Every structure is written in structure tokens, then in C-alpha cells.
Amino acid sequence: MTAQRTSVARAGLAGFLYAAATTLGKPFIEMLLTRRRARGREDPDRLDERRGRTNVARPEGPLVWVHAASIGEALSVLRLIEGLLARYPALNVLVTTGTVTSARLLAERLPPRALHQFVPVDRPTWVRHFLDHWHPDLAMWVESELWPNLVFATQARNVPMVLLNARMSARSFARWRRMPGLGARLMRGFSLVMAQDEVEAERLRALGAPTVTTPGNLKFAAGPLPFEERSLRALRNMTGNRPTWVASSTHEGEEEIAAYVHKRLADQVPGLLTIIVPRHPQRGAAIAAKLRGLGFTVARREADEPVTDRIGIYVADTLGELGLFYRAASVAFIGGSLIPHGGQNILEPARLGCAVLHGPHMENFRAIVEEMSGRGAVNEVADAEELVKALSRLLTDQSLREEVAATARALATAKDSILANVLGQLEPLMASIAVRARGRAPRQPSPRAAQPHEDA
């Protein structure tokens, strides 16, 4: 047997074993969902969506399905979704994600003719329920979250698939290289792969993606984060002219670092206000309690606690207000980067005029960081002590701060043409789905839809 045949056989076996494991593992998966619901990581009122069931009717006409793992990926394609809906008046868009926070945010920000559902857990039966109900005419996967059963089932129904803003880290690439047949089988299902840059493109081609282009990173075309003018006025009335920095999208362990930095700089920068925006707002009460136990004066936004002159740290534990806090601060530190999490989006604060700092763990935003840091638009700090020094320089040197912020803003807002490039590359597929939609028989009520708890 040739090496190619061996690889194909292994891919088939790996896919079969994965499908079998996820089928037989139903009791464990149900237990996991129950545990996640108890921890607030699943919406109890919408748990059936994770089983591929829904009470929401499929809209008539062509339907594009966009899958994004969480908030960051979903936000990166909001303008693309708006562009598609503007170009194609008969189109509807289904967006799936896997997190409660992304669902809440999308409920506020999705435009008309777009709706949200939770992505089904990757069991063959639940995947079938999902696809039977929604019958997408085109599927778009964002960045790198590929669920094998869901990909293969969509492939099997001859639904065209696109991988948008695709990335493949060196670690993920090495892992997929150990399973070349399975990786190639996944990649072959995509009619088009749009990579973030040429480094990602080469990795995806090596895995077997047949058509890979590099229109640019959609995060550059995402537009500024929204805010409420009334909320910004109220916040500025509370904070006055106090020097303010924000530690955004922080993860466990980084809040204590931000507090340590605040303590080190409080005497050097009189009136200093530190805003901490946790990545998961439900951690806000615990963060505030811990910092108060360490002797800091803390106010919580979710508890509607005012920021008086005696407050040093403001825990901004609300959802969807990051645009507000970036506008209120002059310097932003990006969380998820002092711990090995992969970082968060540095373009969001840069667009809003912040000087930007980040830690060493920015793997998920490698290309953006390389481009921005190469122009002096962002600065990396290795640890808490370097963060103290870098923040001190920026807060005490207005000319330096404004220069760095202006460079960052110019780079972050210079690539709006990327959106037009992506929309242009999607045009042939969008034309084909109109034909697909016309050829589909009128939908009849599914007998499964009347039995939301039936399962195999």
C-alpha cells in the first residue's frame, strides 16, 4: 500500500473512531453540559441548542451560516456580515458560537436578518439535528475552530464551505502534521480558505487546503468598538482628569499583577486610576473581594459603585463596554498575554487612541503584533516589573504617549480595503448559493422539530 493510501486509510479510521467516541460518550457529554450549566457557562434556557435542537424557525430563502468560536472571532466578522446582508437583500445569516458571553453580545449587535444559535456539541446525532433544521446554503468557519463531525457532515451534504481569517499556529500545525490524512480530509472540504497572512497560508496549504488566498486579516477591518455617549460622560464626570490606564480582557492571575503595578506607580503618578476589565465578567465579584483583601480601594461597575477620589481600582465587570473603557484611558495593557493564553486583540485599543502594551504570550495575534511592533506602535513587556517601567514612561511622558498612540491608530485604521477584498472573493460562492436555494424543495415542518428531546 502506498504512503498516500496509508494516510487516507488512517484518516478514515481516525474519523470513524472520533465519531464513535462522541456517539458513545453521550453520558459523559451530558454530564459535562450539566456541570457547565451549573457554573454559568451554558444558558439553561437554550441548552437544547447544544444538542442541535431549536424552537427558532429557519428563515425562508438563502441562508449563510457563520461559525465563530467566541467573542473575538464573532466581532471580527460583524462588518462582513453587515456587508453581505447589504449586498444580498434576500439573504439571512445564522451565527453560531460556543460561549454565553458571545451570545449575549451578539444579541445586542447582530443586524436585522441575522440570528444567533449555540453551536451543537460535536456528536454525529446532534450535528445531524442541527443541519436538518437549518439547511445552510453556505458555511463560513472563522479562524481555527474546526469540529470534525460538523465539518464532515456539512461536506457530505455538499454545502460549500469557506475558512475565513484562517490561522494555524506552529503548535497546531505540528499536531496536525502528525495526522496528515485527517488534516487533509478536513481541509479538502473547504472551497476557499482565506488566510490571515502568507505564513498561515503556507501551513494550510501543507495540510492539504486546495485553494488558499491572503486577502488580509479581517480584524484590521472590524471597525471601532461601540459605546454609549451617556455612559462615557458619566464615567468622565466620576474620574475627572485622573491619569487612567486599563488592563483589558484579563485572565486569572493578571488582576493581581495589575494591582501590583498600580501600587508601584500610585506615588509616582498622583491620582492614578486603574481599570481592570476581566475577560469573563462573572469573575468580577471575586476579583474585587481579593483585591480589597490585599488592601486596595476598589469599586465594581456591575454593583454600580461610584468611582470616588479614594478609589484606586475600578473593576469593570460588565459585558460589551470595552469600547467605553478604551475611550476613557490613555494606555491599555492587553490581558491574556502575561500568562500562556495567546493574547487578545491589540487593534481595538489602538483604533481608539490608546498607547498599547502586551505581554510575551500573543501567539493568537502573531502577525498583527509583528506588524505593529515593527513600526513602534505597540510594546512588549516580559513581566510585572517591565510593565511598571513601560507604564511609568507612557503615563509620565505625554509626548511619547501621544506619538505611540498616533502610530498605533494609523496602522489599525489603514486597512479597511480588506473587507472589500474578502467580499469580492466571496462573490462567486454567493452567486452559487442563490442557485442552490432555488433548487431546494419548499421546506416542510420537520417531524424531529416537534420532538425537541428525542435523541439517539
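Residues numbered from 1 in each chain as written. Predicted model: local features only at pLDDT ≥ 70, side-chain atom pairs only at ≥ 80, totals over all residues. Heavy atoms only, no water.

Novice: Where do I start with the overall build of the chain in this structure?
Specialist: Summing up its helical and strand segments, the chain has 19 helices and 14 strands in all. Whereas a compact globule of 456 residues would reach a radius of gyration of roughly 23 Å, the chain reaches 23 Å, a difference of no more than 12%. By principal-axis analysis of the C-alpha atoms, the chain measures approximately 70 × 45 × 45 Å. Out of the 456 residues belonging to the chain, those deemed buried represent 54%. Put simply, 70% of the contacts in the chain that link residues at least 6 apart link residues at least 24 apart. Of the accessible surface of the chain, which amounts to about 20100 Å², a share of 54% is contributed by carbon and sulfur atoms. Here the chain contributes 58 positively and 47 negatively charged side chains, and the mean placements of these two sets differ by 6 Å. (Helix = DSSP H or I, 4+ residues; strand = E, 2+ residues; numbered from the N terminus. Rg over C-alpha atoms; globule rule 2.2 N^0.38 Å. Buried < 20%, exposed > 50% of the residue type's maximum accessible area, 1.4 Å probe, protein only. Contact = heavy atoms within 4.5 Å. Areas by Shrake-Rupley, 256 points an atom, 1.4 Å probe, with all protein chains shown as cover. Lys, Arg positive; Asp, Glu negative; His and termini not counted. Charge placed at Lys NZ, Arg CZ, Asp CG, Glu CD.)

Novice: What am I meant to see in the pairing of strand E12 (residues 331–334) here?
Specialist: Regular strands have side chains that alternate between both faces of the sheet. Burial along E12 is two-sided: Val 331 and Phe 333 and Ala 332 and Ile 334, pointing in opposite directions, are all buried. When strand E8 (residues 244–250) meets E12, the two strands line up parallel, connected through four bridges. Within E12, the residue paired with Val 246 across the bridge is Ala 332. Bridging between E12 and strand E13 (residues 355–358) involves four bridges; their strand directions are parallel. Residue pairing for E13: Val 331 is matched across the bridge by Ala 355. (Pairing = 2+ DSSP bridges.)

Novice: What should I look at first to understand the pairing of strand E2 (residues 92–97) in this one?
Specialist: In terms of burial, E2 is a largely internal element, six of the six residues being buried. Neither face of E2 is left uncovered, since the one carrying Asn 92, Leu 94 and Thr 96 and the one carrying Val 93, Val 95 and Thr 97 both have all their residues buried. Pairing of strand E1 (residues 63–67) with E2, which is carried by five bridges, proceeds in the parallel orientation. Within the sheet, the bridge partner assigned to Leu 63 lies in E2 and is Asn 92. Read from E2 through helix H5 (residues 100–109) to strand E3 (residues 114–118), the crossover connection turns out right-handed. (Right-handed = clockwise from strand over helix to strand, strands pointing away.)

Novice: Can you help me understand the packing of helix H12 (residues 254–265) against helix H13 (residues 284–293) in this one?
Specialist: The packing of two helices is summarised by the inter-axis angle and the distance between the axes. Relative to each other, H12 and H13 sit at 40°, their axes nearing to 11 Å. On the basis of the axis angle, H12 is oblique to H13. As H12 runs across H13, the sense of the crossing is right-handed. Along its contact with H12, which presents Glu 255, Glu 256 and Ala 259, the element H13 presents Ile 287, Lys 290 and Leu 291. For the contact of H12 with H13, the per-class residue count stands at three nonpolar, no polar and three charged. (Axes fitted to C-alpha atoms, helices over the stretch in contact; angles between N-to-C directions. Parallel < 35°, antiparallel > 145°, perpendicular 65-115°, else oblique. Left-handed = near helix turned anticlockwise from the far one by under 90°. Nonpolar A, V, L, I, M, F, W, Y, C, P; charged D, E, K, R; others polar.)

Novice: Explanation requested: the side chain of Thr 244 in the structure shown.
Specialist: Its location among the elements puts Thr 244 in strand E8. Looking at Thr 244, its side chain comes within polar contact range of the main-chain oxygen of Arg 242, at 2.9 Å. What Thr 244 contacts, discounting residues up to four positions off in sequence, is Leu 273, Ile 275, Ala 328, Ala 329, Ser 330, Val 331 and Leu 395. (Polar contact = N/O pair within 3.5 Å; in protein donor to acceptor, adjacent residues only side chain to side chain.)

Novice: Mind showing me how you'd approach unusual backbone geometry here?
Specialist: Note: most residues except glycine have negative phi, and most peptide bonds are trans. The residue Glu 143 is not glycine, and still its phi comes out positive at about 70°. As for its placement among the helices and strands, Glu 143 is situated in the loop between strand E4 (138–142) and helix H7 (148–156). The buried category is assigned to Glu 143, whose relative accessible area is 3%. Even without a glycine there, the phi angle at Asn 158 is positive, about 60°. By the element assignment, Asn 158 lies in the loop between H7 and strand E5 (161–166).

Novice: Would you mind showing me how to read the packing of aromatic side chains here?
Specialist: Aromatic ring pairs: the centre-centre distance and the angle between the two ring planes describe each pair. A full pass over the atoms with the stated rule returns three aromatic pairs. When the ring of Tyr 314 is compared with that of Phe 325, the centres are 6.5 Å apart and the planes differ by 85°; the resulting orientation is edge-to-face. Residue Tyr 314 is located in strand E11 (residues 313–315), and its partner Phe 325 is located in helix H14 (residues 322–328); the two are separated by eleven residues in the primary sequence. Both residues of the pair, Tyr 314 and Phe 325, count as buried. Among the aromatic residues, ring-to-ring pairing joins Trp 65, Phe 130 and Trp 141 into one connected group. Directly above the aromatic system of Trp 126 lies the positively charged group of Arg 123, at a separation of 4.6 Å from the ring centroid. Lying over the aromatic face of Phe 152, Arg 185 brings its terminal NZ or CZ to 3.8 Å of the ring centre. (Phe/Tyr/Trp six-rings, centres within 6.5 Å; stacked < 30°, edge-to-face > 60°. Lys NZ or Arg CZ within 6 Å of the ring centre and 35° of its normal.)

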